[in-house]
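Remarks on the overall topology
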Amino acid sequence: MVNVINNQVTNVETDALLVGLYEESKEEQQVYQSLNEVLDGHLEELVKQGDIHNAYGKVSKVHTFGNADAKRVYFVGLGKKDELDVSRFRKVMGKAFKQVNSDQLTGATVALESFTEDLTFAEAIGEAFVMSTYQLETYHTDRENKGFLSDLTVISGEEGVKQAIEVGLALGEGTNSARHLVNLPGNLLTASDLAAYAENIAHKHGMEIEIFEKEQIEELGMGALLAVNQGSKEPPRFIVMKYQGKAEWSDPVALVGKGITFDTGGYSLKGKEGIIGMKMDMGGAASVLGAMDAIGQIKPEENVLCLVPSTDNMISGDAFKPDDVIVSMSGKTIEVRNTDAEGRLALADAVTYANQQGASRIIDVATLTGGVVVALGDEMTGAMTNNGEWFDQVYEASEQAGELIWELPYHDVFKKKVRTSHIADLNNSPGRKGHAVLAGCFVGEFVGDTPWVHLDIAGTAMSESEHDLGPKGPTGVMVRTLAKTIMNQK
Ligand code: BES
Ligand code: ZN
Ligand code: ZN
């Protein structure tokens, strides 16, 4: 529940009042002044003695002992005013909300007047509120619910604050829905389950959705996706979801997500260590579906075509093998050198479909390569593009979202390599050297001239530890970047 009120900060009844403190000139901060008065000057003393911090990232809790209508005040250290951007603000708010939650309080009131009038900061409060305290599902029989914080109040007299917070909440919820999907084990999330989940999102927002089953995928000639599915008992699904934000359905932006529900590597089998965690190989699908969930709520004026090719990558007597030659939907033939390079095969057909449907711009998101993890680590998503302008738009959105991306070279020297097969048009795995880039180049062979951005989230889809905006595990990365890219389209 969210509320925006325009009260004096000293007479808001709440369990937890969150007040931002900049390092410089506390005296000029009105909220600080009022609270100092309420506390008979003790606040000043506490700051002096170092019990309340204004350094960035510090959260200090003070009880008001009945002197104010708020039971506790959480001072949120914002650091230096000119160093505070929206990403840093979002994180520190996440940290503060986490603390309120772990103090088992259900409501938090944020005094926005002490921060800024910039509405993106209000949006960030909404994002931080739902993302930071999110709990992943577990299957412990004695599981306890540790989610307390559920009500958000913001004190502000600014126009549009409530709407901005609601946008933030929608973005955060979309992120959490991606986290939930990535967290589901392979036995509980098959391609059909993923499709059912997508149907729920579509119905919730009145979006059009079509789920192609195996027969239709065959009719469409998606030979690359079918090859990956060949060894599985679980049939594949191809999800097509449409959000229409313009009067006419034309020139949609295509959001394409890799939906491998479990990647064993196939006959190019992963090792017993490397295979663990491969339930997350539908992270790209989760990101695009999470973005659709947010978009459905925010209702931007853009048309969006969301596509998810989905299957697991399994072994059996029927499975595809290295040396196989397959025919993709585009007609291009592919020599399979490595069955573990399956994501690019599924994406190839999805991107071809996007083009056939008249996509005007494409973004694909995929947990595509271990190479990108080596190159950029787990806090930066690897990006590639055939169009600088389109990349700039995605990059700008990623900056607004605080999700780091870095461009890798879409260069002829790599493009040449994916075309080196003595037996087919393309080679799905020309070697280890630069293989994050080779994977992107492979997908690039199917996008034609359509402006395209490729996002490899193999490193960023999971976090090894708890962080200010969420728990250890699935991050829901790129949900907000994708949604903001769409929201920024005019
Ligand atoms: N799903 C993996 C990539 C991956 C690795 C995701 C680690 C998350 C964490 C992908 O299908 C894969 O196996 N890629 C291979 C490509 C290689 C065979 C060219 C890889 O990265 O080793
Ligand atoms: Zn693989
Ligand atoms: Zn994979």
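Predicted model, so just to flag it, every value in this text is computed and none were measured. (Residues numbered from 1 in each chain as written. Chains lettered and ligands numbered in written order. Predicted model: local features only at pLDDT ≥ 70, side-chain atom pairs only at ≥ 80, totals over all residues. Heavy atoms only, no water.)

**Some remarks on the pairing of strand E3 (residues 59–63)**
Bridge analysis of E3 against strand E4 (residues 70–79) gives five bridges, and the strand direction is antiparallel. Of the residues in E4, the one forming a bridge with Lys61 is Tyr74. Counted between consecutive antiparallel strands, the loop separating E3 from E4 contains six residues, among which Phe65 sits at a positive phi close to 45°. (Pairing = 2+ DSSP bridges. Helix = DSSP H or I, 4+ residues; strand = E, 2+ residues; numbered from the N terminus.)

**Examining the coordination of the zinc ion (ligand 3)**
Protein coordination of the zinc ion (ligand 3) is provided by Lys258 (NZ), Asp263 (OD), Asp281 (OD) and Glu342 (OE), with donor distances spanning 1.9 to 2.5 Å. Here the zinc ion (ligand 3) is ringed by six donor atoms whose angles at the metal span 78 to 173°, and the overall shape comes out octahedral. In primary-sequence terms, the residues that donate to the zinc ion (ligand 3) follow K-x4-D-x17-D-x60-E. A relative accessible area of 3% means that Asp263 is categorised as buried. You can call Glu342 buried: its relative accessible area is 0%. (Donors = N, O, S within 2.8 Å, 3.2 Å for Na, K, Ca; no water. Tetrahedral: all angles 85-135°; square planar, octahedral: opposite > 155°, others 65-115°. Buried < 20%, exposed > 50% of the residue type's maximum accessible area, 1.4 Å probe, protein only.)

**Things to note about the sheet that holds strand E12 (residues 325–327)**
If you walk across this open sheet you meet the three strands as E12-E13-E17, and the pairing is mixed. Looking at strand neighbours, the two that pair on one side only are E12 and strand E17 (426–427), the edges of this open sheet. Examined bridge by bridge, strand E13 (residues 333–335) and E17 share two bridges and lie parallel to one another. Directly across from Glu335, in E17, lies its bridge partner Asn427.

**Digging into the packing of aromatic side chains**
Taken as a whole, this structure holds eight aromatic pairs when the rule is applied. Note on Phe212 and Tyr353: the rings are 6.0 Å apart at their centroids and 75° apart in plane angle, and the pair reads as edge-to-face. Taken together, the residues span a long stretch of sequence, with Phe212 in strand E7 (residues 208–212) and Tyr353 in helix H10 (residues 343–356) at a distance of 141 residues. Judged by relative accessible area, Phe212 falls into the buried class, the value being 7%. By relative accessible area, Tyr353 is classed as buried at 5%. (Phe/Tyr/Trp six-rings, centres within 6.5 Å; stacked < 30°, edge-to-face > 60°.)

**With respect to the coordination of the zinc ion (ligand 2)**
In an ideal octahedron of six donors the angles at the metal are 90 or 180 degrees, and in an ideal tetrahedron of four donors they are 109.5 degrees. Here the zinc ion (ligand 2) is held by the protein donor atoms Asp263 (OD), Asp340 (O), Asp340 (OD) and Glu342 (OE), which lie 2.0 to 2.2 Å from it. For the zinc ion (ligand 2), the six donor atoms in the first shell make angles of 71 to 168° at the metal, a pattern classed as irregular. Site description for the zinc ion (ligand 2): donor spacing in sequence, D-x76-D-x1-E. A separation of 3.2 Å is found between the zinc ion (ligand 2) and the zinc ion (ligand 3), which share Asp263 as a coordinating residue. Classification of Asp340 as partly exposed rests on a relative accessible area of 22%.

**Let's talk about unusual backbone geometry**
The phi torsion at Phe65 lies on the positive side, around 45°, for a residue other than glycine. Summarising the element assignment, Phe65 is placed in the loop between E3 and E4. The phi dihedral of Met478 is positive, around 80°, even though this residue is not glycine.

**A few points about the site of ligand 1**
In the vicinity of ligand 1, 18 residues are found, and the nearest of them are Lys270, Asp281, Asp340, Glu342 and Gly370. Contact between ligand 1 and Asp263: an oxygen atom at 2.9 Å from a side-chain N or O atom of the residue. At a separation of 2.8 Å, an oxygen atom of ligand 1 approaches a polar side-chain atom of Glu342. Contact with the protein chains covers 88% of the free accessible surface of ligand 1, which is 520 Å². (Near = heavy atom within 4 Å. Polar contact = N/O pair within 3.5 Å; in protein donor to acceptor, adjacent residues only side chain to side chain. Areas by Shrake-Rupley, 256 points an atom, 1.4 Å probe, with all protein chains shown as cover.)

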